[in-house]
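Each chain, written out:
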Amino acid sequence: MIPVIKPVLGEEEAAAVAEAVRSGWVAQGPRVAEFEAAFAARAGTAHGVAVSSCTTALHLALLLAGVGPGDDVVVPSLSFIATANVVRHAGARVVFADIDPATGNMDAKNVEAVLTPRTRAVILVDQGGIPADLDAVRALCDPLGITVVEDAACAAGSTYKDRPTGAGAELAAWSFHPRKLLTTGEGGMLTTPADALARRARRLREHGMSVSAADRHGSAKVVIEEYDETGFNYRMTDMQAAMGLVQLTRLDGVVARRRELAARYRRLLADLPGVACAGDPAHGTTNYQSFWITLPDGFGAGRDELLQHLLDAGISARRGIMAAHRERAYADVEADLPATDRFTTRSLILPLFHDMTHAQQDRVVEAVAAHA
């Protein structure tokens, strides 16, 4: 079976995690702090706040933006459902926006079309690792006092205007799930250039504690912590951070290999009329966290039928990116999203992983072409 994705893991990760275990410090501690600093530097921003998932990073970002009951938050429906869920976690109302079908991302026009007097924030997703046009959306939202949160869950290693994706965001959230290029098993990161936001995020992820457990235990003096607001347990462990530090050293090589394989896919699929492929936008480069294709009208097999044909041929593919407004959980949200509807029903994600061979790629393309 050709898998849709495989994480790049080796003996270095195993040794780093084992060393964290041997150290006796397995909860949030010095390795988390080291990983935060290293990731923030790689992302081109001042602060990283390691958390338990991208979902918790997004939730904290909305709280830091002051989002709460009575507020509207604009999100793309075309995203993993966590992007919409965190709005409800914060007590706000989800407002879905449509996408640019060429990138799968919201653009400034999509956002502007659904703004309301109650809009407090926008979550701008770099879907599948393709960087969204952050500056254009901020040019629209900043003068209105609307915070733009970048959901960079898939985008580690992508670039936007010759800088790392997320570098220009006031708040950006990242995922280290095994389907991402950089993994800690589960885990996430909130990045920000703002000292005050980083300090508050660190308090909130640890129950609202005024001083972290690591700092308290490392102090030569007695420290009595205080709790000034209600917080959460959103911490990352040192074992995860140890893995993340190794993964970070692999990132450039992983991105380069995925871009090489994606370019080859695009060449091989060019002979299939009307089939569109994921690619770089004009304003940046993608890490190809997902390599999606969209099928034209009149393609021989329907999307779901093609997925079954691929599975029967020993190829694991996935439906394209989900659309939250089509799920029962969001049936109460009114949304007219024609580009999203077409994209989610006509797209699929093809296998792409670091050690994929050209022979495996050829099998995938031949299987798709056989049912065109």
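For the structure, check the block above.
Quick notes on the rules
All residue numbers refer to position in the chain's written sequence, counted from 1. Where local features are concerned, this predicted model is filtered to residues with pLDDT of at least 70; where side-chain atom pairs are given and counted, the filter is 80 or more; whole-chain, interface and lining totals use all residues. Only hydrogens and water are set aside; all other atoms, that is, all heavy atoms of the structure, feed into the side-chain values. Here, a salt bridge means any side-chain nitrogen of Lys or Arg that lies within 4 Å of a carboxyl oxygen of Asp or Glu. Under the scheme used here, helices are H or I runs from DSSP no shorter than 4 residues and strands are E runs no shorter than 2 residues, and both carry numbers assigned from the N terminus. Burial classes follow relative accessibility: with a 1.4 Å probe on protein chains only, a residue under 20% of its type's maximum area counts as buried, one over 50% as exposed, and anything between as partly exposed. Working definition of a nonpolar core: buried Ala, Val, Leu, Ile, Met, Phe, Trp, Tyr and Cys residues. They are joined through side-chain atoms within 4.5 Å. Throughout, a contact is declared for two residues whenever any of their heavy atoms are within 4.5 Å. Cavities and pockets were defined on a 1 Å grid built from protein atoms only: a cavity is a group of points that admits a 1.4 Å probe but offers it no way out, a pocket is an open group of points flanked by protein on both sides within 12 Å along at least five of seven lines, and a lining residue is one with an atom within 4 Å of any such point. Grid points are joined across faces, edges and corners, and a volume is the space filled by probe spheres set on the points. Polar here means any residue outside two lists: the nonpolar Ala, Val, Leu, Ile, Met, Phe, Trp, Tyr, Cys and Pro, and the charged Asp, Glu, Lys and Arg; Gly therefore counts as polar.

Draft legend 1. The pattern of salt bridges, seen in detail. Under the criterion given, the structure shown has 22 salt bridges. Across the pair Arg342 and Asp297 runs a salt bridge whose closest N-O atoms are separated by 3.1 Å. Remark: Asp297 occurs in the loop between strand E12 (291-294) and helix H10 (303-312) and Arg342 occurs in helix H11 (residues 338-346); sequence separation between them is 45 residues. With a relative accessible area of 41%, Arg342 lands in the partly exposed category. When its relative accessible area of 58% is taken as the criterion, Asp297 is described as exposed. Overlapping salt bridges, with partners in common, bring together Glu12, Glu13 and Arg250 in one network.

Draft legend 2. Structural context of the nonpolar core. Leu62, Val73, Phe96, Ile123 and Leu190 are the most contacted members of the largest nonpolar core, which totals 40 residues. Those elements that place two or more of their residues in this core are strand E1 (47-51), helix H3 (54-64), strand E2 (72-76), helix H4 (82-89), strand E3 (93-97), strand E4 (119-125), strand E8 (171-175) and helix H7 (195-205). Among the elements that make up this core, the one with the highest residue count is H3 (7 residues). When residues no more than four places from it in sequence are discounted, the contact partners of Phe96 are Val75, Pro76, Ser77, Ala84, Val114, Ala324, His325, Tyr330, Val333, Ala335 and Leu337. Formed by 39 residues, the second largest nonpolar core is a distinct cluster that contains Ile99, Ile321, Phe353 and Met356.

Draft legend 3. Main features of the layout of surface pockets. The calculated volume of the largest pocket comes to roughly 670 Å³. Together, 29 residues line the largest pocket, and Phe80, Gln127, Cys154, Arg179 and Lys180 are the ones closest to its centre. Among the elements that make up the lining of the largest pocket, the one with the highest residue count is H3 (3 residues). Residue composition of the lining of the largest pocket, grouped by class: 10 nonpolar, 12 polar and 7 charged.

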